[in-house]
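One-letter residues, chain by chain:
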Amino acid sequence: MDAAMVTALAALLGAPVAAAAAVYGSRAQNRAAREGHVITGYDSLTAKLAAERDKAEADQAAAEAKAAALELEVARLRLLVTQLGGTP
């Protein structure tokens, strides 16, 4: 075999190997990108849920404070009715 034949055979054998390497590299890159998107989506969802939980806790605390204030007002009015001679 002469040098030209060896070069041609090397090119014919090297092209499929290079193509396979490119396909494998592309798949690995796509997988990494997908995993990155999944992690980003998970972090975003977790942050939204934490914010929603914090808001719900704040709303609950405000509602409990309002209920306590209303109970105090009812007790005050009952005392006033009793002082004025009525029955609550």
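In what follows, the structure referred to is the one given above.
Residues numbered from 1 in each chain as written. Predicted model: local features only at pLDDT ≥ 70, side-chain atom pairs only at ≥ 80, totals over all residues. Heavy atoms only, no water.

Participant: Help me get a handle on the overall build of the protein chain, residues and values and all.
Facilitator: Scanning the protein chain for helices and strands turns up one helix and zero strands. Accessible area of the protein chain: about 7,600 Å², with a carbon and sulfur share of 67%. (Helix = DSSP H or I, 4+ residues; strand = E, 2+ residues; numbered from the N terminus. Areas by Shrake-Rupley, 256 points an atom, 1.4 Å probe, with all protein chains shown as cover.)

Participant: So what's going on with the pattern of salt bridges? Which residues, and what values?
Facilitator: Per the stated rule, a full pass over the model turns up four salt bridges. Across the salt bridge formed by K55 and D59, the nearest N and O atoms sit 3.0 Å from each other. In this pair, K55 and D59 are both assigned in helix α1 (residues 3-83), four residues apart and thus about one turn of the helix distant. With a relative accessible area of 54%, K55 lands in the exposed category. A salt bridge links E73 to R76, with the nearest nitrogen and oxygen atoms 2.8 Å apart. (Salt bridge = Lys/Arg side-chain N within 4 Å of Asp/Glu carboxyl O. Buried < 20%, exposed > 50% of the residue type's maximum accessible area, 1.4 Å probe, protein only.)

Participant: Lay out a nonpolar patch on the surface in plain terms, naming residues and giving numbers.
Facilitator: There is a patch of nonpolar side chains on the surface, built from L77, L80 and L84 and spanning about 300 Å² of accessible area. Using a relative accessible area of 71% as the deciding quantity, one classes L84 as exposed. (Patch = residues over 30% accessible without salt bridge, like charges linked within 9 Å, V, L, I, M, F, W, Y side chains within 5 Å.)

Participant: An account of the environment of P88 is needed here, citing residue identities and associated values.
Facilitator: For P88, the position within the fold is in the segment after α1. When the C-alpha atoms of P88 and A75 are compared, they prove to be 9.9 Å apart, with 13 residues separating the residues in sequence. Other than its neighbours up to four places away in sequence, P88 contacts R78, V81 and T82. (Contact = heavy atoms within 4.5 Å.)

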